[in-house]
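Below are the chains, spelled out letter by letter.
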Amino acid sequence: GAGVSQSPSNKVTEKGKDVELRCDPISGHTALYWYRQSLGQGLEFLIYFQGNSAPDKSGLPSDRFSAERTGGSVSTLTIQRTQQEDSAVYLCASSTGTYNEQFFGPGTRLTVL
Amino acid sequence: QKEVEQDPGPLSVPEGAIVSLNCTYSNSAFQYFMWYRQYSRKGPELLMYTYSSGNKEDGRFTAQVDKSSKYISLFIRDSQPSDSATYLCAITLGNQFYFGTGTSLTVIP
């Protein structure tokens, strides 16, 4: 069956530009997570969506970062005025929320020049 | 102090060796304990999970949790070159996931 998909797989942008990263979760999964993975830093939690509840945005590093989830399915992570320190792999995961096993997408590798 | 601490390695072992990967955590309220495997340029995939102290075995993999010491381990028996990957521990509290930084493992044929 289809897993979590993310697009684009790679994104190179110039400092100061805005970028949008997309995540298609597994159909029927009510929970969706965004993480950032930098070299040697592990997975950094960014934001969590659960059903129709207000998202948990406690991990967003600055107000340049925002995310939305339309219709309880597809999610978009937007980074405005990108900085070089935003360069990382951005991972999306979805879950049924049972014992919280998360299924990860392949990630989007963002490079800010 | 980080919620979860994991030695980043790298760890290099010969094929057939027993591998021990470890994490420590700080919050005794943590509920679920998981190990993820991540191949290069791929997303993490769940290997094992448990919620109680003790051992859980799945083929060549054994997950061990010691809640009194706040210590979790993953053992890989008869390691194979295909086990070469980064292994991340993850611990949950409610909907919050806390990941270790990952240990890079290379199994040499």
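Quick note: structure is the one above.
Residues numbered from 1 in each chain as written. Chains lettered and ligands numbered in written order. Predicted model: local features only at pLDDT ≥ 70, side-chain atom pairs only at ≥ 80, totals over all residues. Heavy atoms only, no water.

1. A look at the overall build of chain A
When you go through chain A residue by residue, the secondary structure sums to zero helices and 10 strands. Reading chain A from its N end, one meets helices and strands in the order β-β-β-β-β-β-β-β-β-β. Against the compact-globule benchmark of 13 Å for 113 residues, chain A has a radius of gyration of 13 Å, which places it among compact chains. Seen through its C-alpha atoms, chain A measures out along the principal axes to roughly 40 × 30 × 25 Å. Burial statistics for chain A: of 113 residues in total, 48% are counted as buried. (Helix = DSSP H or I, 4+ residues; strand = E, 2+ residues; numbered from the N terminus. Rg over C-alpha atoms; globule rule 2.2 N^0.38 Å. Buried < 20%, exposed > 50% of the residue type's maximum accessible area, 1.4 Å probe, protein only.)

2. Describing the interface of chain B and chain A
Many structure descriptions define interface size as the accessible area lost when the parts assemble. In this assembly, 18 residues from chain B lie in contact with 21 residues from chain A. Here chain B and chain A share an interface that buries about 1600 Å² over both sides, 53% of which is from carbon and sulfur atoms. Broken down residue by residue, the surface that chain B buries against chain A is led by Asn95, Phe97 and Phe99 of chain B, which jointly contribute 29%. Linking chain B with chain A are zero salt bridges, by the criterion used here. Inspection of the chain B/chain A interface yields two residue pairs in polar contact (both at pLDDT 80 or more). With four residues, strand β4 (residues 32-38) of chain B is the single largest residue contributor to the side of chain B that touches chain A. (Contact = heavy atoms within 4.5 Å. Buried area = accessible area lost by both parts, 1.4 Å probe. Salt bridge = Lys/Arg side-chain N within 4 Å of Asp/Glu carboxyl O. Polar contact = N/O pair within 3.5 Å; in protein donor to acceptor, adjacent residues only side chain to side chain.)

3. Examining the sheet that holds strand β7 (residues 75-79) of chain A
All names here are of chain A. On the basis of which strands lie adjacent, the open sheet formed by four strands has the order β1-β3-β7-β6 and antiparallel pairing. Every interior strand has two partners, whereas the edge strands, β1 (5-7) and β6 (65-69), have only one. Between one strand and the next, the sheet's axes are offset by a mean angle of 15 degrees, whatever the strand orientation. Judged from the five bridges that link them, strand β3 (residues 19-24) and β7 form a sheet pairing that is antiparallel. Considered in β7, the bridge of arginine 22 is made with threonine 76. (Pairing = 2+ DSSP bridges. Axes fitted to C-alpha atoms, helices over the stretch in contact; angles between N-to-C directions.)

4. Points about the sheet that holds strand β6 (residues 54-58) of chain B
Residues and elements named next belong to chain B. Taken in spatial order, the five strands make up an open sheet running β1-β3-β8-β7-β6, and their pairing is antiparallel. Single-partner strands in this sheet number two, and they are β1 (4-6) and β6. Across the sheet, the mean angle separating the axes of adjacent strands is 20 degrees when strand polarity is ignored. Across three bridges, β1 lies against strand β3 (residues 19-25) in antiparallel orientation. Bridge pairing in β3 links valine 4 to tyrosine 25.

5. Structural notes on the packing of aromatic side chains
Enumeration over the complete set of coordinates arrives at 14 aromatic pairs over all chains. Look at phenylalanine 30 of chain B and tyrosine 98 of chain B: their rings are 5.3 Å apart centre to centre, the planes differ by 50 degrees, and that puts the pair in the tilted class. Taken together, the positions of phenylalanine 30 of chain B in the loop between β3 and β4 and tyrosine 98 of chain B in strand β10 (residues 96-99) put the pair 68 residues apart, joining distant regions of the chain. Site record: aromatic cluster; members linked through ring pairs are Tyr33, Tyr35, Phe45, Tyr48 and Phe104 of chain A together with Tyr36, Phe97 and Phe99 of chain B. (Phe/Tyr/Trp six-rings, centres within 6.5 Å; stacked < 30°, edge-to-face > 60°.)

6. Examining the pairing of β10 of chain B
Residue and element names in this part refer to chain B. Pairing between strand β9 (residues 85-93) and β10: four bridges, direction antiparallel. Bridge pairing in β10 links alanine 90 to phenylalanine 99. Counted along the chain from β9 to the antiparallel partner β10, the turn is two residues long, and its residue glycine 94 has a positive phi close to 60 degrees.

7. Considerations on the state of the cysteines
Taken as a whole and assessed by the stated rule, the structure comprises two disulfides over all chains. In this model cysteine 23 of chain A forms its disulfide with cysteine 92 of chain A; the gap between the sulfur atoms is 1.8 Å. Disulfide cysteine 23 of chain A-cysteine 92 of chain A: the torsion about the S-S bond is -60 degrees, which places it as left-handed. With a gap of 69 residues between them, cysteine 23 of chain A in strand β3 and cysteine 92 of chain A in strand β8 (residues 88-95) connect regions that are remote in the sequence. Since its relative accessible area comes to 0%, cysteine 92 of chain A is described here as buried. Paired by a disulfide, cysteine 23 of chain B and cysteine 89 of chain B hold their sulfur atoms 2.0 Å apart. (Disulfide = S-S within 2.5 Å.)

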